[in-house]
Amino acid sequence: MSEAKKAKGAPAEAATEPAAERRPGAFAVPRERMEALAGPMTDGQAAQLKRYGQLLMAHAQKMSLVSKHELGRLDVHLVDSAAVLAHRDLPSGPDAMTADLGTGAGLPGVVLAVLRPDARVALVDSRRSRVVFLKMVVRELELDNVEIVHDRIEALVGKRAFDLCVARALGKLDEVLVPSLGVVAPGGALVLFKGPKWQEECARAAQMASDAGAKLATERTIELPGTDRSTTFAEFEVPAGG
């Protein structure tokens, strides 16, 4: 297990968003903060993310996707989603696929699919309401690099394997780590988004991964520009031998 590394994002951008964009119910893409982590985006990608934000604002509560409190921090969730790209990029190529396990409303999977159009992304979730919303998002944003997988992670073990899996706010470590490792292809990796309690969980996670034939390979903490928060990315590797 490597020693945790720290990478700082760029300072928050100046508050240049038009006043109309800051009205309650409006949504402005935190473009500069996301670019500080994931690299430049095109105007087209920014427009896709804006539309995604609008869809979340319109449907999140009535479809039980995101709480009212978290909806008010939607910009932070987009920045956090982009931060994994400061840790590592997505595998690309005709056969490579990244899976967002327990994607919920599509964070981080939709953000990753928009920012990396050359990568294939699977959005995995078991709840029908979320899948209905994700299909709407894929259609509205014209995301032809996305597959929606309506199933439980445990049910996919032995059926599907992904080159890279990411999981953000998926659930309790003891319940999700081993099944998540079970859908990682040999030679692939699982990246968990972790918060302040990670250091309390780290040793337990390393042991659980080892018992499952994998290893905790990397820990990296990324500061989120424009916030007082950081996210630690814990990366687990599955050996090429299976």
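Data block above holds the structure.
Residues numbered from 1 in each chain as written. Predicted model: local features only at pLDDT ≥ 70, side-chain atom pairs only at ≥ 80, totals over all residues. Heavy atoms only, no water.

**Q** Any chance you could break down the overall build of the chain for me, citing the residues and the numbers?
**A** Within the chain one finds nine helices and eight strands. Here the chain holds 242 residues, and 50% of them are scored as buried. Residue pairs in contact within the chain that sit at least 24 positions apart in sequence constitute 69% of those at least 6 positions apart. For the chain, the exposed surface amounts to about 11400 Å²; the carbon and sulfur share of it is 48%. (Helix = DSSP H or I, 4+ residues; strand = E, 2+ residues; numbered from the N terminus. Buried < 20%, exposed > 50% of the residue type's maximum accessible area, 1.4 Å probe, protein only. Contact = heavy atoms within 4.5 Å. Areas by Shrake-Rupley, 256 points an atom, 1.4 Å probe, with all protein chains shown as cover.)

**Q** Quick one: what's the story with the nonpolar core, residue by residue and with numbers?
**A** Among the nonpolar cores identified, the biggest contains 51 residues, and M34, Y52, V110, L115 and F133 are the most heavily contacted of them. Elements represented by at least two residues in this core include exactly α1 (31-38), α2 (43-59), α4 (74-87), α5 (109-115), β3 (121-125), α6 (128-141), β5 (162-168) and β6 (184-194). Counting residues per element, this core draws most heavily on α4, which supplies seven residues. Those residues within four positions of M34 in sequence are excluded, and the remaining contacts are V29, G39, M41, L49, L78, V79, A82, V111 and L115. (Core = buried A, V, L, I, M, F, W, Y, C linked by side-chain atoms within 4.5 Å.)

**Q** Which residues make up the packing of helix α8 (residues 173-181) against helix α9 (residues 198-211), and what values do they have?
**A** For the pair α8 and α9, interaxial distance at closest approach is 10 Å and the crossing angle is 35 degrees. For the pair α8 and α9, the sense of crossing is right-handed. Contacts between α8 and α9 involve L173, D174, L177, V178 and L181 from the first element and E201, R204, A205, M208 and A209 from the second. Within the contact of α8 with α9, the residues separate by chemical class into seven nonpolar, no polar and three charged. (Axes fitted to C-alpha atoms, helices over the stretch in contact; angles between N-to-C directions. Left-handed = near helix turned anticlockwise from the far one by under 90°. Nonpolar A, V, L, I, M, F, W, Y, C, P; charged D, E, K, R; others polar.)

**Q** Lay out the pairing of β5 with the relevant residues and their values.
**A** For a regular strand, side chains alternate in direction, first toward one face of the sheet and then toward the other. Most of β5 is tucked away, with six of its seven residues classed as buried. Summarising the sheet, strand β2 (residues 98-101) and β5 pair through three bridges and their orientation is parallel. Looking at β5, one finds that A99 is bridged to C165. Pairing of β5 with β6 involves six bridges; the strand directions are parallel. In the strand pairing of β6, A167 is matched with L192. A crossover links β5 with its parallel partner β6, the connecting element being α8, and its sense is right-handed. (Pairing = 2+ DSSP bridges. Right-handed = clockwise from strand over helix to strand, strands pointing away.)

**Q** An account of the side chain of R33 is needed here, citing residue identities and associated values.
**A** Its location among the elements puts R33 in helix α1. Using a relative accessible area of 9% as the deciding quantity, one classes R33 as buried.

**Q** Got a sec to walk through the pairing of β6? Specific residues and values, please.
**A** In terms of burial, β6 is largely enclosed, as nine of its eleven residues are buried. Sheet analysis places β6 next to strand β8 (residues 230-237), joined by six bridges and oriented antiparallel. Counterpart to V191 in the pairing with β8 is E235.

**Q** Summarise α8; cite the residues concerned and give the values.
**A** Those residues of α8 that fall on the buried side of the exposure criterion are L173, V176, L177, P179, S180 and L181. Residues of α8 that are buried in the fold lie against β2, α7 (153-156), β6, α9 and β8.

**Q** Before we move on, can you summarise the packing of α1 against α4 with the specific residues and values?
**A** Describing two packed helices takes the angle between their axes plus the distance from one axis to the other. At a minimum axis separation of 7 Å, α1 and α4 run at an interaxial angle of 15 degrees. Classed by the angle they form, the pair α1 and α4 counts as roughly parallel. With respect to the hand of their crossing, α1 and α4 are arranged in right-handed fashion. On α4, the residues touching R33, M34, L37 and A38 of α1 are D75, L78, V79, A82, A83, L85 and A86. A class-by-class count of the residues in the contact of α1 with α4 yields nine nonpolar, no polar and two charged. (Parallel < 35°, antiparallel > 145°, perpendicular 65-115°, else oblique.)

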